[in-house]
Amino acid sequence: MNIILSHVILHIIVFIVKHFYLTHKEEARPEVRRYTPFPRAMADTVSGPEPIEATPRLTDTKPPLLAASAHLDSTSASMSDIPLTVTLPIGSKQNDNQGDDQVHPPAVSANQNEAEEVGTGRVHEKLHEDDRRQQARWKTVLYKVLPFLENVEDLRRVTANNPLENSRHKYVNNVVVTSKYNIITFLPLNLFEQFLRVANVYFLILVILQSIPQLSSVPVYSTLVPLLLVLAVTAIKDAFDDIKRHRSDYHVNNRPVEVLRDGSVREVRWSQVVVGDVLKLERDDYVTADLLLISSSEPNSLIYVETAELDGETNLKVRQALPATAHLYDHMDLLAGFNGYIECEPPNNRLHKFVGTLQYNGQQYSLDNEKIVLRGCRLRNTKWMYGVVIYAGHDTKLMQNSGRTKFKRTHLDITVNKLVFSIFFYLIVLLIFCFIGSMIFENLYGSRDDVKTFLVPTHSPFVLSILQIFSNWIVLNTFIPISLYVTVEVIRLGLSLLINWDGKMYYEPNNVPAIARTTTLNEELGQIEYIFSDKTGTLTQNIMVFLKCSINGERYGEITTNTNEKNEKSVPAIDFKSWNNYADKKFVYYDAALLEKCRSLDPHCAEFFRILSLCHTVIPNEEDGELQYNAQSPDEAALVGAAKNFGFVFKVRTPFIIQLLNLHTGNEEQYEVLHILDFNNERKRMSVIVKTEDKIMLYCKGADNVIFERLDRSAAHLMSVTQDHLSDYANDGLRTLVIAKKEIDANQYELWRDEHHKASVLQKGRDQALDAVYEKIEKNLILVGATAIEDKLQDGVPETIAKLAKANIKIWVLTGDKQETAVNIGYSSQLLTGGMRVFVVDKESESEVFNQLMEIKDIMTEPMHDTSNGTVDNNSQDVLFQPGTMERQGSVADGSTFGIVINGHSLRHALKEQTRDLLLETAERCQAVICCRVTPLQKKKVVDLVKNKKKAVTLAIGDGANDVGMIKAAHIGVGISGLEGQQAVLASDYSFGQFRYLERLLLVHGRWSYHRMTLFLRYFFYKNFAFTFSQFIFAFFCGFSAQTLYDPVYIAVYNVIYTSLPVFALGIADQDLSEQKSLNNPRLYIAGQQNKSFNFKIFVLSLLRGISVAIVIFFVLFGISFCDIMPLGGYEWDYQSFGLAASAALTVVVNLQIAYDIYYWNPFMHVFIWASIILWFVVIPFTSTAILYPSISNYVGVAYEVLKQPGFWFYVPLVCAIALFPVITYRTLLRDFFPTLVDELMLSEKGKSSGPKGRLNKKSRQRRSGYAFSHQEGFGDFIESGRGFGLPQDQVEAERKKRLSKVLTGETNGPPVEVTVPPGEAIEHRIEASQLQSKSKNARDTETAEKDGPHSQLPSTVTATIPNIPGTPIHGVSSQDSVVIC
């Protein structure tokens, strides 16, 4: 009662303190709006000056910004009843991918018009439990028992440059700890973890019992020493692993970073960074924490970041600061005075979404993901940036997505533990027999004198029999030998070293050997059923290569020999650098015919590469004298780079002008950009409309099916030829793209331009209207050619996947990349094949995803009649079937294989409780599964789903930090040491340099390890049952007195000397087949998946074999010695002689048995096996002639007498023959009449190839487009608006209108136009030096232009004045220089 009362009082005190603290904290900031939570059911009844809507307003597009959450009032409702929501004003710009830069008032007036209400509506954003990081299980239990201990953060509140205020919230610092122990906790915590294993507790109890002389007839050291050895070896291994984690943590936490403190920038360690700090990052720096971007060195405060460690994508992403903070630039006084107040969502794992507000200078601004830079990103192509820390350490989204390190145990370990429990119950049965036998014996023959048991004398048969139970338990404890666990650890260590020493898994280019980072999972490598693989950096090399092309019906990029076999290396690579100073050193191309066509000024080739140089949204950048391209898609960078290498150099871009350098003519070509028709996920194409000389041209590139249906009829023949080329490219796994053009009549353009303008200013349905306008102009195109890009796979990936598929291993690709890219890699890696029916799951709501999966499942289980020839996905020309297009008839009988592609937003719903079983059932019927646009947490959940629901052995392989969660979750985690850092390697169990080594790791090392471990276990249980059961038989002859049959020294060293060496040789070096046959016959791997080599049935057979051997050993000797079956020349067999002869027979029989079990004989095998037998004849005579211990003095001279008896030498061979003959006969008959695949291969001719070699046969498949369209639109908006160049948007728009009006009148816009930039606005409107020219230079250009005539009629230019601000990227321009904006 007192405990309950104390608990209640404690609850009340904590509640009062917490409520007072939160209330005081809110009142301390009266300028901050307070939020009141409410249950969803009460939403409609809430009233107040700032009403909050329960559901979002319906607009033409989804509102992009969700906002900050209210703190939960513990007095209003329980945590489970209150949805965790955030509310913010929504900007008028309705677009998910583009944030609103407008300033929003903190409250909404009641008399605003409807448009304003839509622009400032409020929506709710609920954080699900899945959005929070999974905490340790013990914490979950603790918080359920004592909920007041849990500190639930409902709203993150950060004040920049105010550490005192931020410290009140007690946010975590930036220290990251992934280790498990420290110096103080290592010993107690490690011992606690080890004694959680039942086996260790069991042996500890045995040690205690053996230390009692009245109970034990076996010395205590026989169990104590092996137990200490097991504990020590395990502790050393755990300490070694944790030291590596400490080193990794130390390296990360001690990285330097510049922090703004006390008005100046100082360098501190990452671990010293706290929430609210203003950080300065420079080019190529890793982002320290989750930051709100304040300003940067780039125009309009843009930055470029690489997110490879977050989502696996290597193409650069753009982030942009608010204009309200961009003016801070790098002025220390302004940055030090920045006191913005941020309210945002609490820490969560959503990488692609952020909700918050910034209050600064009396205004409120909405924040989205485009303003946030996450930890794990890397700053690229940006000189410097400043940001405010919002989340630090384990609160960052990267760490929230990192799974907890779990102790991994193999399925064989779990099986052995279950069998140990079975043996324990079997032991209990034997002890019950001993108890009953002891009772009977004591009653019939027991002494009536008192027997001193401990301190209490007694002669009760019942009491004595009870005590005998413990004594017999000690004698029979070798049924569960502790040497089993010692031997297993040693064998696993040896198997791990074999992986480390395997030179065939060494990747020489990067000096990366294969490393087994754990020693406990080797045999699990032979039982893998599912592989979960990342794409970028794991299957691919992160390299896009322009490989082939088709121009005007001619194909280029294929070099053939006289035998018409492809051999690109039969001729030397083209030397581009000899004539092209802009050429990329890494670009390799062999077909000189294409270059000759370009140099001979072939119009078709020139037009082809000209389009590649113009039709894109790439932004050029010159670094260290080298021209580089910033592209939203790596494919675009590869295409523009190819054009540069072939002599069409894209040099300058402005909102209005693209300038090319044609190295073949030496001329600079200038094109006026009228419109950019950017990519989106529905159009699957991109176009630009440019004006050159007196023509208006539309250049277009896109997916082949999208372009072909928009071609002019005159291109029918060329389209047919190009289609054949594309089919060949698709069969080679290349990503294809079609190029087309069109000349636009001036009148047609005028009408279209008016329609485009009307669509572009719509408030609702703008995107749909623009798509419709684009559709009108992108017709009657003229086909120019096609490109074929190779998303360069790592060497041997297709062959490896094919081999693993034959081994009955299912491969799922989990990637953060876009759907189109993932599908194309699926085909090029042969994960997807031409005859496979591929379904796409891409719905948005939970009910739609459920229905879609249900329809797909129905299609898979019943035969179908295709009434619509499938639904052709815009990404590709392979038929990607969508549900609802099939008529089902009967059952599937056509043997079709299926594949499924699941998008990340659909996977979020599919992983929920009510849908995940259907997802798994549907995916299980597929040969290939690809999950795209998935977060690291979703990767982990997919692995957990298969692991827990299917009870299958899983392997996850990846190379980046975004793969750490699934690597930790899977039974086996493999890290590839690649371009995305070492996080995956540090979290993995095995690591190497290339994906292709996975084939050898599984099919050779994995299969061998499983074979060796199972053979070892079968033999180990067999020999220990034979050893221990003979002692049980002897109990019937010694009155169940716990007297041992064997010499105590022999008992202590039986598993150490006489049988250990063959066991180690078997477990480390045996192999049933060579590595080549193992690789050529992947079907051999299936035996491990099905547990054919070791299961309960095989265990029982081993038990029975051991029992039969014990019976033979005992009773054959009993018949010879005591039944006078064979005359022994008058020698009388006593107890010691009987036990010594039995030990000799046991040693010889079990070693001959392992000799018969071994498949692979080598000198070590011979030495270890025959030496173990010889050791008995050396050690036993020695111990019987020298009195080493008092306990063995009774055996002095026994060996001499036994060894000279003829009966002994007759007995040992006889026992061997009787014990081994049934086993040899059974296996011979089985091999002859029921041979396995292993038997057939072993009997095959030595050196004969067991399978076809050479290249994989390629199946023809339908043409498909491989172009990886951007998940979000490219840089088109940044280019056209001028934001990408730091220009005032209003001036850019005004200039654009002038230029468009002149296009129709035939006027040209002449030389570059100069724009005046007021000194006060120069910070926000900076201009890159690469896009500027000094006035003197432009004067020379103007003189040249005037000689040509047309430019003389141009209007006068406007002079620009740019202040020379320190740190601005304008070089060589004085404070009053005029600059030219192209």
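Cut-offs applied
Residues numbered from 1 in each chain as written. Predicted model: local features only at pLDDT ≥ 70, side-chain atom pairs only at ≥ 80, totals over all residues. Heavy atoms only, no water. Helix = DSSP H or I, 4+ residues; strand = E, 2+ residues; numbered from the N terminus. Buried < 20%, exposed > 50% of the residue type's maximum accessible area, 1.4 Å probe, protein only. Contact = heavy atoms within 4.5 Å. Areas by Shrake-Rupley, 256 points an atom, 1.4 Å probe, with all protein chains shown as cover. Pairing = 2+ DSSP bridges. Axes fitted to C-alpha atoms, helices over the stretch in contact; angles between N-to-C directions. Phe/Tyr/Trp six-rings, centres within 6.5 Å; stacked < 30°, edge-to-face > 60°. Parallel < 35°, antiparallel > 145°, perpendicular 65-115°, else oblique. Left-handed = near helix turned anticlockwise from the far one by under 90°. Nonpolar A, V, L, I, M, F, W, Y, C, P; charged D, E, K, R; others polar. Salt bridge = Lys/Arg side-chain N within 4 Å of Asp/Glu carboxyl O.

Student: So what about the overall build of the protein? Which residues, and what values?
Tutor: Secondary structure summary: the protein contains 43 helices and 38 strands in total. Counting all 1382 residues of the protein, 56% fall into the buried class. Pairs at least 24 apart in sequence give 75% of the contacts found in the protein among residues at least 6 apart. When the accessible surface of the protein is summed, it comes to about 59500 Å², and 57% of that surface belongs to carbon and sulfur atoms.

Student: So, the sheet that holds strand β8 (residues 341–344): which residues are in play, and what are the values?
Tutor: The strand order across the open sheet built from 4 strands is β1-β8-β9-β10, with neighbouring strands paired in antiparallel fashion. Two strands bound the open sheet, and with one partner strand each, they are β1 (156–159) and β10 (363–367). Averaged over neighbouring strand pairs, the angle between their axes works out to 20° when direction is ignored. Relative to β8, β1 runs antiparallel, the two sharing 4 bridges. Residue pairing across strands places R157 opposite E343, the latter belonging to β8.

Student: Give a description of the sheet that holds strand β23 (residues 657–662) that names residues and reports values.
Tutor: Strand order in the open sheet made by the 9 strands is β19-β18-β28-β27-β26-β25-β24-β23-β22, with antiparallel pairing throughout. Both edges of this open sheet fall to β19 (554–556) and β22 (648–653), since each of them pairs with a single strand only. Averaged over all pairs of adjacent strands, the angle between strand axes in this sheet comes to 30°, irrespective of strand direction. Looking at chain direction, strand β18 (residues 540–551) and strand β28 (residues 782–793) are connected through 8 bridges and run antiparallel. Opposite C549, over in β28, you have T787 as the bridge partner. Against the sheet, helix α16 (residues 603–614) engages β18, β19, β22, β23, β24 (667–677), β25 (685–692), β26 (695–702), β27 (735–743) and β28, with an angle of about 145° to β18.

Student: Can you explain unusual backbone geometry? Please cite residues and give values.
Tutor: Positive phi, close to 55°, is recorded for N511, a residue that is not glycine. Looking at where N511 falls in the secondary structure, it is placed in the loop between α14 (483–500) and β16 (515–516). For N511, a relative accessible area of 53% gives the class exposed. Located in the positive-phi region is F1040, a residue other than glycine, with phi close to 55°. With respect to the element layout, F1040 can be found in the loop between α30 (997–1035) and α31 (1048–1058).

Student: So, the packing of aromatic side chains: which residues are in play, and what are the values?
Tutor: Summed over the entire model, instances satisfying the criterion amount to 60 aromatic pairs. Between the aromatic rings of F1029 and F1032, the centroid separation amounts to 5.4 Å while the plane-to-plane angle is 45°, which identifies the pairing as tilted. Note that F1029 and F1032 are positioned in helix α30 at a spacing of 3 residues, about one turn of the helix. Here F1037 and F1118 contribute two aromatic rings whose centre-to-centre distance is 5.2 Å and whose plane-to-plane angle is 50°, an arrangement assigned as tilted.

Student: Quick rundown of the packing of helix α36 (residues 1135–1157) against helix α39 (residues 1206–1233)? Include the residues and the values.
Tutor: Where α36 contacts α39, the axes come no closer than 9 Å and their chain directions differ by 25°. Viewed along their axes, α36 and α39 adopt a mutual orientation that is roughly parallel. The interaxial crossing formed by α36 with α39 has right-handed handedness. Counting all contacts with α36, which are made through A1141, A1142, A1144, A1145, V1148, V1149, L1152, Q1153, Y1156 and D1157, the residues of α39 involved are F1208, Y1211, V1212, V1215, C1216, A1219, L1220, V1223, I1224, R1227, T1228 and R1231. Tallied by class, the residues present in the contact of α36 with α39 amount to 17 nonpolar, 2 polar and 3 charged.

Student: Which residues make up the environment of L737, and what values do they have?
Tutor: Counting through the fold element by element, L737 comes out in strand β27. The buried category is assigned to L737, whose relative accessible area is 0%. Sequence separation between L737 and T787 is 50 residues; the distance between their C-alpha atoms is 5.2 Å.

Student: If you had to explain the environment of V1056 to someone new, which residues and values would you point to?
Tutor: Relative to the helices and strands, V1056 resides in helix α31. Judged by its relative accessible area of 53%, V1056 is exposed. C-alpha of V1056 to C-alpha of P226: the two residues are 830 residues apart in sequence and 9.9 Å apart in space.

Student: Mind laying out the pattern of salt bridges, listing which residues take part and the relevant values?
Tutor: Under the definition given, this model contains 45 salt bridges. With a closest N to O distance of 3.0 Å, D395 and R156 form a salt bridge. In this pair, D395 is assigned in the loop between β13 (384–391) and α11 (397–400) and R156 in strand β1, connecting sequence segments 239 residues apart. Residue D395 is classed as buried on the basis of its relative accessible area of 14%. Between E846 and K912 there is a salt bridge, with the nearest N and O atoms lying 3.6 Å from each other. One end of the pair, E846, is in helix α24 (residues 846–861); the other, K912, is in the loop between α25 (904–910) and α26 (916–924), and 66 residues separate them in sequence. Given a relative accessible area of 22%, K912 falls into the partly exposed group. Taken together, the shared-partner salt bridges in this structure form one network comprising R685, E709, R710, E775 and E778.

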